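Summary of structural features
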Amino acid sequence: MRSMVTTLVDSLIRWRVGWLVLAAVLFGFAWSSAQKLSFDRRIESMFPVDDPRYVSYQQVHDWFGNAETTIVAYDDPELFSELGLARLQQLHDELLAVPGVAGVVSLNQIRRPSAPLDSRTLLQQLEQGAVSADTLRGELVSSRLYRERLVSASGESAILWVELERDDPDAGIQTRASALAKLRKICLEHRPVAMLAGGPVLVDEVFTVLEQDGVTLGLASSLILTLVILVLFKNLRWVLLPLLVVQLAVVMTKGALQISGLQMTMVSSPLVALVTVIGVATVVHLTVRYREERQSAEAVEALRKTLTHVGPAIFWTCVTTLLGFAALQISHVGPVRNFGLMMSIGSGMVLAATILLTAGCVLLLPRLLSDRPGEAWFEGGVTAALGGLIASVKQNPGRLLLALALVLIWGVVGISRIEVATDFNENFRQSSQIVKSFDFLRERIEGINALDVIFTVPADAGVPMEETLGRLRELQRELELNPRVAQTLSVAEILDMMPGKSAESRNEETPPREGRTNRWLPTLPSFQLNISDSTKLATIERFEPGLVGKLWNRNAQAFRVIVQVGHAPGSQEKLAILETVEGISRKHFPDAQVTGIYVMMVYLVQHLLADQWTTFGLSLALILITMSWAFRNLTLAVLALIPNVAPIVLVVGAMGWWGLKVNMASAMIASVSLGLSVDFSIHYLWRFKEEFRKTSDVYEALRRAHGSVGLSMVLANLALTAGFLVLLASSLLPTVHFGLLVTVAMLGGLIGNLAVLPMFLRWRYAGKTLETSTPA
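What comes next concerns the included structure. Here the structure is a predicted model, which means the values were calculated and not measured.

Things to note about the overall build of the chain
- Helix and strand counts for the chain come out as 27 helices and nine strands.
- Projected onto its principal axes, the C-alpha positions of the chain cover 105 × 50 × 50 Å.
- By residue count, 57% of the 776 residues in the chain fall in the buried class.
- Put simply, of all contacts in the chain between residues at least 6 apart along the chain, 80% involve residues at least 24 apart.
- If you sum the accessible surface of the chain, you get close to 30,800 Å²; carbon and sulfur atoms cover 61% of it.
- Put simply, the chain has 67 plus and 69 minus side-chain charges, and the middle of one group is 11 Å from the middle of the other.

Below you can see the structure in the form of structure tokens.
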């Protein structure tokens, strides 16, 4: 092993110019590919394609249309005046003219409940005196079909449903982003200002912010880390080296992703920042050791000794970091898996960039730039504090154990209190426009969250259409008795627009719930009272198929019920609603499926909490195996992991105590933090065993390790903290929480490796020499 390290180090130093040339070639090759790396904006990419609920979700699009829907709403106290309806018509036309908009549904095209056969618009009927403003308002506000779908219950807010053409990257159709940008502009310019919300808007906003974060956060982290390194080492050469390592690693990572066909996802914004801090932390350890060796040797020899002693530790730290991210591959959430793969590649690229660049950057042009790193003004104080810490570890091991036990207990209790974030808008700051739009709609629409209940009644089953529609109405009536269900919509509401027995009998048999009325259908001409539902359906399908096509598919004999549910604050409440809706639906139609984006998101985030611990367990196992192999000692590997696991339990438990909900980013905290934090243990153990080999005195070896690698750990942690705190500037809360929590976990890991790990090493090596222990 050591002969192989020596050979590699010699080749790196001897052929340093050639390695720099190779790095430049790889950079140029990867650069063009990196520029083509794109984001996968499809919300479908978040779900496993074989998930039964995802299959049902796709079935909805196959049967009832492939468009995606957003909502536009605004307040207008004069909505039902001629001027108000004219404003609505103008907004309707502007939205419909946007390329990528498939259709707009608003009060402008609807039929009055009392005159469903009148083809004039509401504005025309108002202008021609067919109805008064007060009567029109009363009719529509009391209508089951329109209230809180196209008009608020107060009658002072207009609601428009905008259908977007779905992107199809394979066919070269990608219009959603540009369409939403134009819709935002129209809404902002409208007077009064209109609000834009809905699933496609939320997803588009996430990726817009991600693209901005990918540039701004990466640049900010590089600038801040440059300043940190300049303060720490006061040497331009040792500022350039980490920057070059990071830039080469980032470009090669992005190039590899693009070549392999991967795309950036919803949780990819920390990619550049993470690669940056990993690269900088790696170079910091090299810098501190090189400075130490340079005091007694010339540059070439000092670098040879540095790479020989620190190189293996750097290799194993990159491997454990890679494995920590690789553990995310077993997650149920697509973006989390992709992010794990991306960061695994990134960790490997940091190692490759370090190998290619270090010798050349340190040794070339010695007359132009000094190769001697300086010292920060506070290093003396840090070294003294580390010496005091190791003395305290020797004198008070019981207190350390007690503190460790309290941390674990507090964290475990907090973990039991954790909840998951099930509202997609919880990804944004409360001050953001997207949250304001959502709150605006929630105040005006009782059931802003929509579920789809779908079922089939095959024609060969011999069930008459009248019977099926009767069961459908029974289903809706029972669903609406649930206090969490605001209202439902099916083809039955469309049929009831045409006069007949079913509409009249439904109004008599269905008791109105408190605060609403079902009597939206006034006196009808007597000659129309005997029209059957099947006749109505055939007539509507023939002349206006768009009215029923989104709720009934003749070819598949499939029905769709849109169930609008109120806001539920927690994941368990949401699950209870979904289970209730599904149970009621299957009582009436045994093959009924409950689906939709709302349903998908609720069940998706349930995987996050379980994923956090399964990925952490895999990460723990992989790193344990790797460290056992690296140190040829299972006991040592176990002891090294304990100081790193405790801070993670503390941080995840703190999420429960502080009410921070688990989202797609924070679900990665445990495995990612372990992969990063254990790097400190590897560097510390490598130096401790080196010193123990020289002295055969445990305490002296610990003291020397604290004064050397302990200092580099503190400096590296400063760099890590600076890099991760940059993520706090993101507009996405998952990114903010990720940066904050990983920073805390890293600080906890630093303390654990400088306090708890030495205590374990004293016990492990007490009375032993290197020959009686397993050599590295």
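A word on the layout of surface pockets
- The computed volume of the second largest pocket comes to approximately 590 Å³.
- Looking at the lining of the second largest pocket, the elements with two or more residues in it are helix H2 (16-34), helix H8 (199-233), helix H9 (236-259) and helix H10 (271-294).
- When residues of the lining of the second largest pocket are assigned to their parent elements, the largest contribution, nine residues, is made by H8.
- Residues that form the lining of the second largest pocket fall into these classes: 15 nonpolar, nine polar and two charged.

Here's the deal with the sheet that holds strand S4 (residues 195-197)
- In space, the four strands of this open sheet follow the order S2-S3-S1-S4, with antiparallel pairing throughout. Strand pairing shows two members of the sheet lacking a second neighbour, strand S2 (101-105) and S4, which therefore form its edges. Averaged over all pairs of adjacent strands, the angle between strand axes in this sheet comes to 25°, irrespective of strand direction.
- Bridging between strand S1 (residues 68-75) and S4 involves three bridges; their strand directions are antiparallel. Paired with Ile 71 across the strands is Ala 197, a residue of S4.
- Contacting S1, strand S3 (157-164) and S4, helix H15 (residues 433-444) runs over the sheet at an angle of about 95° to S4.

Structural notes on the pairing of S1
- For S1, the tally of buried residues reaches six of eight residues, placing the bulk of the element in the interior.
- Alignment of S1 against S3, held across eight bridges, turns out to be antiparallel. By the bridge assignment for S3, Thr 70 is matched with Val 162.

Here we look at the packing of aromatic side chains
- Scanning the entire structure with this criterion turns up 19 aromatic pairs.
- Taken together, a centroid distance of 5.8 Å and an interplanar angle of 25° make the contact between Phe 27 and Trp 31 stacked. Of the two residues, Phe 27 and Trp 31 both sit in helix H2, four residues apart, roughly one turn of that helix.
- Judged by centre distance (5.3 Å) and plane angle (90°), the rings of Trp 377 and Phe 378 are edge-to-face.
- Residue Trp 377 is classed as exposed on the basis of its relative accessible area, which comes to 73%.
- An aromatic cluster is present here, built from Phe 455, Trp 552, Phe 559 and Phe 589 joined pairwise through their rings.
- Just above the ring of Phe 440 sits the side chain of Arg 444; from NZ or CZ to the centre is 3.6 Å.

Quick look at the environment of Ser 681
- The topology assignment puts Ser 681 in helix H24 (residues 669-695).
- Taking the relative accessible area as the measure of exposure, Ser 681 reaches 0% and is therefore buried.
- Distance in space between the C-alpha atoms of Ser 681 and Gly 261 is 35 Å, their sequence separation being 420 residues.
- Beyond its immediate sequence surroundings of up to four residues, Ser 681 is in contact with Met 627, Ala 640, Asn 644, Asn 753 and Leu 757.

Observations concerning the pattern of salt bridges
- As enumerated under the stated definition, the model contains 31 salt bridges in all.
- One salt bridge in this structure joins Glu 690 and Arg 289, with 2.8 Å as the shortest N-O distance. Within this pair, whereas Glu 690 is found in helix H24, its partner Arg 289 is found in helix H10, the two being separated by 401 residues in sequence. Just as Glu 690 is buried, Arg 289 falls in that class too.
- Among the salt bridges present, the one from Arg 304 reaches Glu 301, with a minimum N-O distance of 3.1 Å. With Arg 304 and Glu 301 both in helix H11 (residues 299-326) and three residues apart, the pair spans about one turn of that helix.
- With relative accessibility at 25%, the residue Arg 304 sits in the partly exposed group.
- Judged by its relative accessible area of 32%, Glu 301 is partly exposed.
- Taken together, the salt bridges that share partners define one network made up of Glu 292, Arg 687, Glu 691, Glu 700, Arg 703 and Arg 704.

Some details on a nonpolar patch on the surface
- Where nonpolar side chains cluster on the molecular surface, the patch consists of Ile 409, Trp 410, Val 413, Trp 657 and Trp 658 and spans about 520 Å² of accessible area.
- Elements represented by at least two residues in the nonpolar patch include exactly helix H14 (397-415) and helix H23 (634-658).
- Considering each element in turn, the nonpolar patch owes the most residues, three residues, to H14.
- Here Trp 658 is to be found in helix H23.

Quick notes on the rules
Within any chain, residue numbers begin from 1 and follow the written order of that chain's sequence. Owing to the predicted nature of the model, reporting of local features is limited to residues with pLDDT of at least 70; listing and counting of side-chain atom pairs is limited to 80 or more, with chain, interface and lining totals taken over all residues. Based on all heavy atoms of the structure, the side-chain values leave hydrogens and waters out of the count. Secondary structure elements are taken from DSSP: a helix is a run of H or I of four residues or more, a strand is a run of E of two residues or more, and numbering for both begins at the N terminus. Between buried and exposed lies partly exposed: a residue is buried under 20% and exposed over 50% of the maximum accessible area for its type, with that area taken using a 1.4 Å probe on protein chains only. Here, two residues are considered to be in contact whenever any of their heavy atoms come within 4.5 Å of each other. Using the Shrake-Rupley algorithm and a 1.4 Å probe, accessible areas are obtained, with residue cover drawn only from the displayed protein chains. Neither His nor the chain ends contribute to the count of charged residues, in which Lys and Arg are positive and Asp and Glu negative. By convention, charge coordinates are those of NZ in Lys, CZ in Arg, CG in Asp, or CD in Glu. A 1.4 Å probe that fits but cannot get out identifies a cavity on a 1 Å grid over protein atoms alone, an open set with protein on both sides within 12 Å along at least five of seven lines counts as a pocket, and a residue lines either if it has an atom within 4 Å of a point. Grid points are joined across faces, edges and corners, and a volume is the space filled by probe spheres set on the points. The residue classification treats Ala, Val, Leu, Ile, Met, Phe, Trp, Tyr, Cys and Pro as nonpolar and Asp, Glu, Lys and Arg as charged. All others, Gly included, are polar. In this scheme, strands are said to pair when DSSP sees at least two bridges between them. Angles shown run from 0 to 180 degrees and are taken between the N-to-C directions of axes, each axis being a line fitted to C-alpha atoms and, for helices, limited to the stretch in contact. Two rings from Phe, Tyr or Trp (for Trp, the six-membered ring) form a pair when their centres are within 6.5 Å of each other. A pair whose planes differ by under 30 degrees is stacked, one over 60 is edge-to-face, and the rest are tilted. Over a ring means this: the NZ of a Lys or the CZ of an Arg is within 6 Å of the ring centre and within 35 degrees of the ring normal. One side-chain nitrogen of Lys or Arg within 4 Å of one carboxyl oxygen of Asp or Glu is enough to make a salt bridge. Patch definition: residues with relative accessible area over 30% and no salt bridge; like charges joined within 9 Å; nonpolar side chains (Val, Leu, Ile, Met, Phe, Trp, Tyr) joined within 5 Å.

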